[in-house]
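Reading the structure
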Amino acid sequence: MRISNSFKHAIRSTFYDKEITLYEWIIETDDEGGKKKNLQQTINTARVNLNFNALDQTQKDMGLVETIDARITAEPGTLNYGDVFEYDGHLFEVVAARPHDSHQEAAAVRYGKR
């Protein structure tokens, strides 16, 4: 079934009420050929829905063993496994992402917790 653009817009404006800032991994090579991986904040943001409650059910539904700190729903393709984003001054790392109905569902842990 095709979902109309007007319906997608209605979903976006109703449910995606939080703005996150996306980060990217920058790999630098030193003079001796050693590689160093650093996080760098991008200018890219995304509108999502973040949920910090009832996470045990999300963990169970997604088959996750580790304890998650956030559940995210967003437009498809917004987040991928391993992505890092910032919300309210806290960094999170995506540990699972999958399509779910007309949107994407993802789970994240506080960055550095793993």
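Anyway, here's the lowdown on the structure attached to this text. Each residue is numbered by its place in its chain's sequence as written, counting from 1. Only residues with pLDDT of at least 70 get local features here, since the model is predicted, and only at 80 or more are side-chain atom pairs given and counted; chain-wide, interface and lining totals rely on the full set of residues. Each side-chain value is derived from all of the structure's non-hydrogen atoms; neither hydrogens nor water enter the calculation.

Overview of the overall build of the chain
In DSSP terms, a helix is any run of H or I states spanning at least four residues, a strand is any run of E spanning at least two, and both are numbered starting from the N terminus. Secondary structure assignment for the chain yields 2 helices and 6 strands. Taken along the three principal axes of its C-alpha coordinates, the chain extends 55 × 30 × 30 Å. Looking at the chain as a whole, 33% of its 114 residues are labelled buried. A contact between two residues is defined here by any heavy atoms of the two lying within 4.5 Å. A separation threshold of at least 6 residues defines the contact pool for the chain, and within that pool the share at least 24 residues apart is 53%. When the accessible surface of the chain is summed, it comes to about 7,500 Å², and 47% of that surface belongs to carbon and sulfur atoms. Across the chain, the mean location of the 14 positive side-chain charges is 6 Å away from that of the 18 negative side-chain charges. The cut-offs for exposure are 20% and 50% of the maximum accessible area for each residue type, with area from a 1.4 Å probe on protein chains only; residues under the lower value are buried, those over the upper are exposed, and the others partly exposed. For the area figures, the Shrake-Rupley method with a 1.4 Å probe applies, and any residue is considered shielded solely by the protein chains shown. Neither His nor the chain ends is counted toward charge; the positive residues are Lys and Arg and the negative residues Asp and Glu. Just so you know, the charge point we use is NZ for Lys, CZ for Arg, CG for Asp and CD for Glu.

Topic: the environment of E66
Along the polypeptide, E66 turns up in the loop between α2 (55-62) and β3 (70-74). Given a relative accessible area of 28%, E66 falls into the partly exposed group. Along the sequence, E66 and Y16 sit 50 residues apart, while their C-alpha atoms lie 26 Å from each other.

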